[in-house]
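Descriptive structure summary
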Amino acid sequence: MKIRFWGVRGSIPAPGPETIRYGGNTSCVSVHTASGALVIIDMGTGLMHLGNTLMAGAFGKGGGRASILLSHTHWDHIQGLGFFPPVFVNGNQFVVWGPGNSSAQLEGILEGQMDPNFSPLQSLKNFSARFDVRAAPLGATFGAEGLRVTAWEHPHGATTALAFRLEEAGRVFVYASDVGYPETGPTGDAIEFYRGAHVLLHDSTYRPDDQATRRNRGFSSYEDACAAAAAAEVERLVTFHYDQDYSDDDVDQIVAACRRTLAPRGITVVPAREGDELEI
Amino acid sequence: MKVRFWGVRGSIPVPGRSTNRYGGNTSCVEVRPAGEAPIIVDAGTGIRRLGKALMEDAFAAGKGKASILISHTHWDHVQGLPFFSPLYRAGNQIHIFARQRDLHLEAVFSQQHHAPYFPVPLSAMQADMHFHELIEGARFNIGRARITCARLNHPWVAIAYRIDVDRAAVVYCSDTAPFTDLLLGRDFIEAPKLGTLPPPVREELDAMRAGVVALARGADLLIYDTQFTPAEYTSRPHWGHSRPDDALDIARTAKVKALALFHHAPMRSDEENDAILAAVRESSRAAGDQLAIHSAYEGLELTLGDNP
């Protein structure tokens, strides 16, 4: 699996000189499988830039297909959809797997994003590409572009978000953004879900001091991320979903703190940064 | 009055190196009459930073008052509102003005703030929020400022605002298509064929243009949607945006003193914006206009009229 970061920021895009190095776009990660298939995780504003790149290949000619895994439907995780050029090309095919009691419910939520009060697109029906929306089964493994995927629901403030475990030929990538553990930290069942991942991408929104005053928002601190990585004995931890108010220098300090914690355990820390690639 | 740009981008925020000088935040302009509360036009992502700046004075103590004029509720013009810090402080008075269409304004904004799209419902905001629904031609006062508005040529509904105060006038005219080829009161998704117009549409477009010209008449500053190049307009006329020449035409006809190019396309780099500005200045000079031309960037502040 080849992982690439297109958006790494939490809550709202944060343009500005102080976010240039890590990037200000909201959550979007692409995974290219060994066979060259494409899985996209989350549809934040980073999705537009992924889409612009894809248009140079098969997606520009209507011959592209991808599965999209959606953690939850807060705006920062869906905002890029209307600006993803491949959905306007006839012939392309997408399957979205996300949270919902039913596929119709999830599709209705994405349709609401296109409401004419908010978007000139007005409806998903105006996409030219085939765009299937499916509620991801919880606990049961499903296939996406040849990967084995399992979804796990964790608390996220007053709601929940899905984490995804992607497996290909024994290699494991876990995406766990927007995770709000109880004050005691990562729970045993979450750790089992992450167990042995080669790469664990984990919500690292806050420093512990900021998390303490914003518990109800349902995000992790970088200490939660380190605790999860250590307990699940992963190989590499990717820090992700930085608070919109954190500058590049703030993120540098978060990464350095994670490295101090995890280096003695032999776990490598890789900060998510727009444009960077990571191979498993 | 002072006019300050906090977000100048159209459609979607674009963080990154190539947009860093002009800025990647979506539409938000602060108009500050001398000695009075801010009048904010649009609540794109730029309003987040404005909110933080406001929290350095009366708003932190819950004694702030602000009015927000919304051109329309497309996401790039309202996305910043849930991140506007003064809303989270009891005592602050926030007035929101917009033209609604099918839903009451408060319902539209509630939908934006509500699960499953956002964690904090509008009803949980501590500040006092007041919604004011406008119709075309509405005239009202905010403090000493006189506000007037006019309908624009944009999908669903959008309006332009004029603010007169301190013996000066600023006009905010974003988002609109030119008043030439198609009428966006009905909503196109497929690009229409440009060409002939049935007479009633022609008349309605002429009336809309006349309304905008009247609104902008003699203004000290006209802020205008110039998202498109001519080629982009030809391929996407139904998106409801203008070209620099459309802005120049209105500026010239309305005899405004200064024009600010605004609502830059998301993928437009700083260098491309520089080149567009140079070309527009050159073409305006060649036409003999007496017109100052700016290309709006985050942090640009202009002083108009009296400022004791």
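Shown above is the structure to which this text applies.
Residues numbered from 1 in each chain as written. Chains lettered and ligands numbered in written order. Predicted model: local features only at pLDDT ≥ 70, side-chain atom pairs only at ≥ 80, totals over all residues.

1. Looking at the sheet that holds strand S10 (residues 168-173) of chain B
All names here are of chain B. Here we have 7 strands laid out as an open sheet, ordered S7-S8-S9-S10-S11-S12-S13, and mixed in their pairing. Sheet topology places strand S7 (139-142) and strand S13 (292-295) at the edges, where each strand pairs with a single neighbour. Taken pair by pair, the neighbouring strands of this sheet meet at an average axis angle of 20°, ignoring direction. The sheet contact formed by S7 and strand S8 (residues 145-151) spans 4 bridges and is antiparallel. Bridge pairing links Phe140 to Ile147 in S8. Sitting on the sheet, helix H4 (residues 199-216) is in contact with S8, strand S9 (159-165), S10 and strand S11 (221-225), with an inclination near 160° to S8. Against the sheet, helix H7 (residues 270-286) touches strand S12 (258-262) and S13, its axis set at about 170° to S13. (Pairing = 2+ DSSP bridges. Helix = DSSP H or I, 4+ residues; strand = E, 2+ residues; numbered from the N terminus. Axes fitted to C-alpha atoms, helices over the stretch in contact; angles between N-to-C directions. Contact = placed C-beta atoms within 7 Å.)

2. A closer look at the sheet that holds strand S1 (residues 2-7) of chain A
Residues and elements named next belong to chain A. Taken in spatial order, the 7 strands of this open sheet run S6-S5-S4-S3-S2-S1-S14, and their pairing is mixed. Strands at the two margins of the open sheet, each flanked by one partner only, are strand S6 (130-135) and strand S14 (277-279). Going across the sheet, the axis of each strand differs from the next one's by a mean of 20°, ignoring polarity. Bridge analysis of strand S4 (residues 65-69) against strand S5 (residues 93-98) gives 5 bridges, and the strand direction is parallel. Counted as the bridge partner of Ser67 is Val95 from S5. Running over the sheet, helix H1 (residues 46-54) touches S1, strand S2 (28-32) and strand S3 (38-41) and is turned about 125° from S1. Helix H2 (residues 103-113) rests against S5 and S6 of the sheet, and its axis sits at about 125° to S6.

3. Topic: the environment of B:Pro15
In this structure, B:Pro15 sits in the loop between strand S1 (2-7) and strand S2 (28-32). Residues B:Pro15 and B:Pro266 lie 251 residues apart in sequence; the distance between their C-alpha atoms is 9.5 Å. Residue contacts for B:Pro15: discarding those within four places in its chain leaves A:Pro13, A:Ala14, A:Pro15, A:Thr19, A:Gly23, A:Gly24, A:Asn25 and B:Gly24.

4. Section: the packing of helix H5 (residues 222-231) of chain A against helix H6 (residues 248-262) of chain A
Residues and elements named next belong to chain A. For the pair H5 and H6, the least separation of the axes is 10 Å and the interaxial angle reads 30°. One element, H5, and the other, H6, form an angle in the roughly parallel class. As H5 packs across H6, the resulting crossing turns out to be right-handed. Across from Tyr222, Ala225, Cys226, Ala229 and Ala230 in H5, the residues of H6 making contact are Ile254, Ala257, Cys258, Thr261 and Leu262. Here the contact of H5 with H6 is built from residues that sort into 9 nonpolar, 1 polar and no charged. (Parallel < 35°, antiparallel > 145°, perpendicular 65-115°, else oblique. Left-handed = near helix turned anticlockwise from the far one by under 90°. Nonpolar A, V, L, I, M, F, W, Y, C, P; charged D, E, K, R; others polar.)

5. Regarding the nonpolar core
Counting 84 residues, the largest nonpolar core has A:Val39, A:Phe173, A:Val174, A:Tyr194, A:Leu200, A:Ala229 and A:Leu237 as its most contacted members. Counting residues per element, this core draws most heavily on H5(A), which supplies 6 residues. (Core = buried A, V, L, I, M, F, W, Y, C linked by C-beta atoms within 7 Å. Buried ≥ 20, exposed ≤ 12 C-beta atoms within 10 Å, placed from the backbone.)

6. Thoughts on the environment of A:Trp75
Here A:Trp75 lies in the loop between S4 and S5. Separated by 197 residues in the primary sequence, A:Trp75 and A:Ala272 have C-alpha atoms spaced 20 Å apart. Beyond its immediate chain neighbours, meaning those up to four positions away, A:Trp75 contacts B:Tyr117 and B:Phe118.

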